[in-house]
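Structural overview
Listed below are the residues making up each chain.
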Amino acid sequence: MKDDYGQFVWPCSVVLAEYVWQHKQRFSGATVVELGAGTSLPGLVAAKLGARVTLTDDSTRLEVLDNMRRGCDLNKLECNVLGLTWGVWNLSIFSLQPTIILGADVLYDSNAFDNLFATVTFLLRNSPGSIFITSYHNRSGHHLIEFLMGKWGLKCLKLLDGFSFLPSDKASLLSGNIQLAEIALISKDNA
């Protein structure tokens, strides 16, 4: 199953895509990077709304990256598709300056959390004023994520129940304890 993670539309992707859709004006004209994009639903919605989107997934997962390109082609969207492995500092990451970073269900493997948060922190620092919006299954409570945010100098600006803004017809098709968080660098303005 692990080899196929990037080939499914997970419930967190639906939740994050809906959040993007409901915040159309915020995404129109934004520069967006989706981390661990897999099937890329949130990033594709952002691109439909007029964002300049870079879709990323593990650089070793060529079949996932190819599938992301096909998704863009099928939807007649021009997105940049980039192999980006969390915690690996290659040339491609240094050119990214997103205003919004998206991540749907990227908090599934605790062994990857530090690499994910290192990558997110780098991108937030590389683009002052940017924000990380993530949806995740709250599998073990918010405490581990709070600890990691503190460790990496990040702060949760908004935390929502993922079902609180979902239309009932979509919510009835999903299950789980899904949360959505907006995360930013700790600064003098939001400390």
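Every value quoted in this text rests on a predicted model; they were computed, and no experiment measured them. (Residues numbered from 1 in each chain as written. Predicted model: local features only at pLDDT ≥ 70, side-chain atom pairs only at ≥ 80, totals over all residues. Heavy atoms only, no water.)

1. So, the packing of helix α1 (residues 11-22) against helix α3 (residues 41-48)
For any two helices packed against each other, one specifies the inter-axial angle together with the distance between the axes. To keep it simple, the criterion reads: Each axis is a line fitted through C-alpha atoms, and for a helix only the stretch in contact is used; angles between axes span 0 to 180 degrees, taken between their N-to-C directions. For helices the rule is a DSSP run of H or I covering at least 4 residues; for strands it is a run of E covering at least 2, with both sets numbered from the N terminus onward. Angle categories are assigned with fixed cut-offs, so that under 35 degrees is roughly parallel, over 145 is roughly antiparallel, 65 to 115 is roughly perpendicular, and the rest are oblique. By definition, turning the near helix anticlockwise from the far helix through less than a right angle yields a left-handed crossing, and turning it clockwise yields a right-handed one. Residues are treated as being in contact if the distance between any of their heavy atoms lies within 4.5 Å.
Where α1 meets α3, the closest approach of the two axes is 8 Å, and the angle between their N-to-C directions is 15°. Relative to α3, the element α1 lies roughly parallel. In terms of crossing hand, the pair formed by α1 and α3 is right-handed. In contact with S13, V14, L16, A17, V20 and W21 of α1, α3 contributes L41, P42, V45 and A46.

2. Let's talk about the pairing of strand β4 (residues 100-104)
Test applied: Partly exposed describes any residue whose relative accessible area lies between the buried limit of under 20% and the exposed limit of over 50%, with all areas from a 1.4 Å probe on protein chains only and scaled to the type maximum. A pair of strands is labelled paired if DSSP reports no fewer than 2 bridges between them.
Where burial is concerned, most of β4 is hidden: five out of the five residues are buried. Because side chains alternate across β4, one face comprises the buried residues I100, L102 and A104, and the other comprises I101 and G103, equally buried. Pairing of strand β1 (residues 31-34) with β4 involves three bridges; the strand directions are parallel. Paired with V32 across the strands is I100, a residue of β4. Both β4 and strand β5 (residues 131-137) contribute to a ladder of five bridges, which runs parallel.

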